[in-house]
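Survey of secondary and tertiary structure
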Amino acid sequence: MCYKYRPNNIITSAVAADLASHPSVKGNNKSLGTVTGLINGCGAITASVGLLAVGPLQATFGWSSVWLFLIGCTGTGTLLMSPKIYTELFPPATNTESESLV
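Description of the structure in this document.

Conventions adopted
- Residues numbered from 1 in each chain as written.
- Predicted model: local features only at pLDDT ≥ 70, side-chain atom pairs only at ≥ 80, totals over all residues.
- Heavy atoms only, no water.
- Helix = DSSP H or I, 4+ residues; strand = E, 2+ residues; numbered from the N terminus.
- Buried < 20%, exposed > 50% of the residue type's maximum accessible area, 1.4 Å probe, protein only.
- Bend = angle between axes of the 7 residues up to and from the residue.
- Contact = heavy atoms within 4.5 Å.
- Expected span 1.5 Å × (residues − 1).
- Salt bridge = Lys/Arg side-chain N within 4 Å of Asp/Glu carboxyl O.

Some words on the environment of G37
Mapped onto the fold, G37 is located in helix α2 (residues 29-61). On the basis of relative accessible area, G37 is assigned to the partly exposed category, the value being 42%. Counting along the chain gives 25 residues from G37 to T12, while the straight-line C-alpha distance between them is 9.0 Å.

A few points about helix α3 (residues 63-89)
Approximately 50° is the largest bend angle found in α3, and it occurs at S82, with the proline P83 only one to four residues beyond. On the buried face of α3, the contacting elements are α2.

With respect to α2
With 33 residues, α2 ought to run about 48 Å at 1.5 Å a step, and its terminal C-alpha atoms sit 47 Å apart, in line with that. Taken as a whole, α2 has its buried residues at L32, T36, G43, A47, G50, V54 and L57. Of the residues one or two after α2, G62 is the one with positive phi, at around 95°.

Some remarks on the side chain of S65
Turning to its location among the elements, S65 is positioned in helix α3. Excluding its chain neighbours within four sequence positions, the residues that come into contact with S65 are L57 and Q58.

Here's the deal with the pattern of salt bridges
Scanning the entire structure with this criterion turns up one salt bridge. A salt bridge links K84 to E88, with the shortest nitrogen-to-oxygen separation between them at 3.1 Å. You can see K84 and its partner E88 sitting in helix α3, four residues apart, about one turn around the helix. By relative accessible area, K84 is classed as partly exposed at 30%.

Below, the structure is given as structure tokens:
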């Protein structure tokens, strides 16, 4: 079940990378570290609560419910990250790019 923490690490890293380029924390490593730590802590708590649900799910409904739970968590995470994924795959055109197309 340790793979449950991997999406947490990936999402935290993506958020930290985005925050590093944000103008509000640019050049201020202390605030960037604080926000990244808070995000990582919240993700770890959420992942722990998710793991606590595995035992009761398995005992009550069987292993198929555990897999459905994990698939649901993966789907929810993907849906929540989809705007960021979209902007990474298809970056918005800048003014210079749109002018050169005309």
